[in-house]
Amino acid sequence: MRYFVRGVLFFAFLVTVFSSLASPASAYIGPGAGFAFLSSFLVLIVTFALALFYLVSWPLRYVVRALLRKGAPKGASVRRVIIIGLDGMDPGLARKFMAEGKLPNFTKLAESGTFTSLGTTYPSISPVAWSSFMTGVDPSHHNIFDFITRDPCTYQPMLTSAEIGKASKVLPIGKYMIPLERPKMKLLRKGKPFWKILGEKGIFSSILRVPITFPPEKFNGVMLSGMCVPDLMGSQGMFAHYTESAGRAGVETGGVSRRVEAKDGVIETYLHGPENSLVRDGGEIAIPLKVKIDSAAGKAVIEASGQKIELAPRVYSPWVRVSFPAGLGIKVKGICRFYINSLAPEFDMYVTPINIDPEEPALPISHPFIYSIYLAKLNGPFGTLGLAEDTWALNEGVIDEDAFLEQAYLLYEEREKMFFTALDKTPKGVCACVFDTTDRVQHMFFRCLDEGHPANRGKEVEKYRNVIEDLYMKMDVLIGKALERTDEKTALMVISDHGFTQFRRGVNLNTWLYRNGYLALRDGRTVSGDWFDGIDWERTQAFSLGLAGIFINRKGREASGIVEEGAEVEGLKQEIAGKLTGITDGGEVAIREVIDTEKSQSGPYKHDAPDLLIGYNAGYRSSWTCAVGKVTEEVFEDNTKHWSGDHCVDPKIVPGVIFSNRRIEKQNPHLNDIAPTVLTMFGVDVPGYMKGSPLFGKVGAEPKEEKERQRA
């Protein structure tokens with residue numbers, strides 16, 4: 001019998017397979033060369049093995065926990081710390097709505113404890129800021145400066161947060177390529193999160209959906225990974241769009257539109273899944289998708305993976321489990337929602353990106369592995385994609401504002417359920433959860449706060465004028481529920497990683513660099529394609545990719561670098577910074593400052609960062625075309641997308657917020673202070689490398705900044 005079990009486990013190991021990187025034309029970059037997906041059989045084996053282990057090892061674990069408790073710090077001032085992250089909550093809007101009496105629970109926190117602005121990172125981008133929140137260090141120490149960066153060997157984009165590669169050893173059997181080793185999974189964020197330091201002292205933490213926690217790290221607690229968890233395709237979110245509309249088919253930013261045709265009220269097509277690396281040149285796995293339209297009843301029946309889903313137009317389906325056969329009995333599981341925009345005169349249907357199924361995860365998206373399974377069994381299926389709110393589907397007109405808002409709040413309700421589940425099961429230690437809804441909704445509806453915004457052209461404004469106000473009021477209800485679960489030994493902090501401002505005009509730094517002789521094009525071109533298509537690297541001194549700033553084409557660092565280290569690099573940085581600082585657009589300053597990364601940050605990873613960080617003025621940001629490495633005709637262009645608000649500007653313009661039921665003694669608090677603050681509250685020494693310092697000091701101390709505002 002034991003040989004049979006060993007054989008089963010060995011086979012389960014062999015059938016770990018991979019899907020490949022999403023096309024660079026996608027809206028987001030995948031996590032690496034591919035990602036491992038586990039068979040449903042392996043999931044059951046692992047789950048059973050872990051359950052058995054927990055059962056037979058409980059006496060040993062009890063003793064270990066007792067020893068850990070004995071060695072835990074005795075100088076703690078709290079029993080529990082609750083951290084609610086509201087991504088993008090803006091202090092200015094919070095003050096406005098509080099003054100109007102619309103946020104009673106936030107007001108209660110402010111009056112009994114603290115409310116003030118919270119300094120953010122440079123650059124003020126979510127993955128950067130949340131990485132500083134958890135580690136207490138600046139980007140040059142945790143190595144996250146943007147969502148994407150350039151591969152110095154190829155100049156092509158790569159995700160900054162994680163790298164996942166295929167097994168280097170495979171066993172070819174006919175058409176199959178059987179991996180003989182585990183996939184290579186690596187979290188690229190550096191630094192130790194505060195919950196791992198607490199865990200080493202025996203203090204338990206529940207960490208939910210904090211960005212840049214994929215793949216999850218082991219620690220004393222439970223974790224569900226957040227931003228940068230890929231979809232089943234290996235990308236950061238690829239929707240599917242099925243339409244009878246002529247001329248719409250093709251690759252969209254963030255997804256693919258496919259032309260379909262109804263014959264006798266029936267549409268037969270395919271739902272496309274991950275690449276099949278188990279099979280040599282296997283290509284994409286696709287499964288049949290059928291839609292039967294009942295025009296008289298005003299509904300349709302969708303058939304996928306042996307299920308039938310009856311759906312009326314403009315209503316989201318529940319999460320539907322879909323299964324993609326890879327061969328050898330292996331099935332890759334995912335979940336998605338269907339949304340029919342219209343049945344007639346032309347059929348039009350949107351399908352969300354196919355999320356990793358939390359009940360049968362194709363990747364480790366939680367710690368321990370079974371935690372996502374536990375949450376799904378307890379509360380039902382939930383979205384696992386890091387960027388789950390489909391902003392690109394709205395940008396591309398595949399869904400409208402109402403559909404986007406419904407999707408965002410469906411995801412919010414899932415998050416709220418799992419947060420309070422974790423909170424109720426974490427009577428001691430830390431419970432932290434980040435809610436993305438505040439960020440995504442503001443990105444897509446900030447235009448409605450500015451009647452003259454270019455993105456308002458041809459779009460409804462009045463109907464959505466109060467969307468952001470309603471959003472803040474909904475978050476106030478969340479805070480009220482959390483307050484009901486606090487006591488005198490519980491510290492509650494509500495924080496945001498940054499604030500918000502308008503994004504009216506895009507700045508294409510690559511076009512500016514080209515016009516000023518720092519970037520060269522091949523073959524007499526005056527414009528380039530995406531991802532630096534057409535760039536002459538042998539004559540290019542500087543270039544831009546992503547949202548943070550400018551890279552110098554350094555000799556010895558970039559594959560075709562031409563700028564010599566030392567005086568030549570320093571002189572070029574100073575020259576470009578001098579010309580860009582204060583640059584105007586129709587008389588308005590577009591760039592307030594340009595920061596030399598090496599001079600402003602001292603960490604070991606400063607050389608991997610953009611050499612120059614751009615501090616845009618309010619209303620400006622790196623243009624959509626610049627972000628994907630493109631040279632266009634104009635340096636400045638109107639931003640007409642639904643994505644109309646942003647925070648990738650001078651960080652002094654967009655501080656975050658901090659509310660707490662305790663008074664803050666320190667003036668000008670910063671995100672870097674959160675990790676040292678939590679450690680100190682539990683009596684744990686703050687590591688010397690952390691850049692922040694504890695916020696809470698004398699009882700009754702009031703932040704000077706907020707005190708002066710109240711007087712005003």
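Preceding block: the structure.
Here's a quick rundown of the structure. As the structure is a prediction and not an experimental result, all values here were calculated from the model.

Conventions used here
- Residues numbered from 1 in each chain as written.
- Predicted model: local features only at pLDDT ≥ 70, side-chain atom pairs only at ≥ 80, totals over all residues.
- Heavy atoms only, no water.
- Helix = DSSP H or I, 4+ residues; strand = E, 2+ residues; numbered from the N terminus.
- Buried < 20%, exposed > 50% of the residue type's maximum accessible area, 1.4 Å probe, protein only.
- Contact = heavy atoms within 4.5 Å.
- Areas by Shrake-Rupley, 256 points an atom, 1.4 Å probe, with all protein chains shown as cover.
- Salt bridge = Lys/Arg side-chain N within 4 Å of Asp/Glu carboxyl O.
- Expected span 1.5 Å × (residues − 1).
- Phe/Tyr/Trp six-rings, centres within 6.5 Å; stacked < 30°, edge-to-face > 60°.
- Lys NZ or Arg CZ within 6 Å of the ring centre and 35° of its normal.
- Axes fitted to C-alpha atoms, helices over the stretch in contact; angles between N-to-C directions.
- Parallel < 35°, antiparallel > 145°, perpendicular 65-115°, else oblique.
- Nonpolar A, V, L, I, M, F, W, Y, C, P; charged D, E, K, R; others polar.

**Topic: the overall build of the protein chain**
- In terms of regular secondary structure, the protein chain is built from 19 helices and 38 strands.
- For the protein chain, the proportion of its 712 residues judged to be buried stands at 60%.
- Look at the contacts in the protein chain between residues 6 or more apart in sequence, and 68% of them connect residues 24 or more apart.
- Counting every atom, the protein chain has about 27,400 Å² of accessible surface; 54% of that belongs to carbon and sulfur.

**Observations concerning the pattern of salt bridges**
- Applying the stated rule across the entire model yields 48 salt bridges.
- Taking the shortest distance from any N to any O, the salt bridge between arginine 485 and aspartate 424 comes out at 3.2 Å. Of this pair, arginine 485 sits in the loop between helix H13 (467-483) and strand S27 (490-495) while aspartate 424 sits in helix H11 (residues 401-424), placing them 61 residues apart in sequence.
- Note that glutamate 565 and arginine 554 form a salt bridge whose closest N and O atoms lie 2.8 Å from each other. Here glutamate 565 is found in the loop between strand S30 (549-552) and helix H15 (567-580), whereas its partner arginine 554 is found in the loop between S30 and H15, with 11 residues between them in sequence.
- Of the residues examined, glutamate 565 reaches a relative accessible area of 43% and is grouped as partly exposed.
- Taking relative accessible area as the criterion, arginine 554 reaches 3% and is therefore assigned buried.
- Taken together, the shared-partner salt bridges connect Arg150, Arg554, Arg557, Glu558, Glu565, Glu570, Lys573, Asp596, Glu598 and Asp611 into one network.

**Some words on H13**
- For H13, which comprises 17 residues, the first-to-last C-alpha distance of 25 Å matches the rise-based estimate of 24 Å (1.5 Å per residue) to within 8%.
- Buried residues dominate H13, accounting for 12 of its 17 residues.

**Let's talk about the packing of aromatic side chains**
- Applying the stated rule across the entire model yields 26 aromatic pairs.
- The interplanar angle of 55° and the centroid separation of 6.2 Å between the aromatic rings of phenylalanine 239 and tyrosine 350 together place this pair among those described as tilted. Of this pair, phenylalanine 239 sits in strand S13 (residues 239-243) while tyrosine 350 is found in strand S23 (residues 348-351), placing the two residues 111 residues apart along the sequence.
- With a centroid separation of 5.7 Å and 85° between ring planes, the pair formed by tryptophan 624 and tryptophan 643 is classed as edge-to-face. Pair noted here: tryptophan 624 is in helix H17 (residues 624-627) and tryptophan 643 is in the loop between strand S36 (636-638) and strand S37 (645-646), with a separation of 19 residues, a long-range link.
- The exposure class assigned to tryptophan 624 is buried, which follows from its relative accessible area of 18%.
- Members of the aromatic cluster, joined through ring pairs, are Tyr155, Phe532, Trp537, Phe543 and Phe551.
- Note that arginine 621 overlies the ring of tryptophan 624, its terminal NZ or CZ placed 4.3 Å from the centroid.
- The lysine or arginine in question, lysine 641, covers the ring of tryptophan 624, its NZ or CZ lying 6.0 Å from the ring centre.

**Regarding unusual backbone geometry**
- A cis amide bond, omega -5°, links phenylalanine 214 with the succeeding residue proline 215.
- If you trace the backbone, proline 215 turns up in the loop between strand S11 (205-208) and strand S12 (221-224).
- Residues histidine 367 and proline 368 are joined by a peptide bond in cis, for which omega reads -10°.
- Non-glycine residue aspartate 523 carries a positive phi angle of around 55°.
- Examined against the element boundaries, aspartate 523 turns out to sit in the loop between helix H14 (509-515) and strand S29 (542-544).
- A relative accessible area of 69% means that aspartate 523 is categorised as exposed.
- Positive phi is not limited to glycine here, since asparagine 668 has a value of about 55°.
- Within the fold, asparagine 668 resides in the loop between strand S38 (656-660) and helix H18 (674-681).

**Section: the packing of helix H5 (residues 104-112) against H13**
- In the contact formed by H5 and H13, the axes pass within 7 Å of each other and the chain directions differ by 55°. Here H5 lies oblique to H13, going by the angle between them. From H5, Pro104, Asn105, Phe106, Lys108 and Leu109 reach across to H13, where they touch Tyr472, Met475, Asp476, Val477, Ile479, Gly480 and Leu483.

**Quick word on the packing of H11 against H13**
- Relative to each other, H11 and H13 sit at 10°, their axes nearing to 12 Å. Put simply, H11 runs roughly parallel to H13. Residues Leu405, Tyr409, Tyr412, Glu416, Phe419 and Phe420 of H11 pack against Val467, Leu471, Lys474, Met475, Leu478, Lys481 and Ala482 of H13.
- Of the residues contributing to the contact of H11 with H13, the split by class is 10 nonpolar, no polar and 3 charged.

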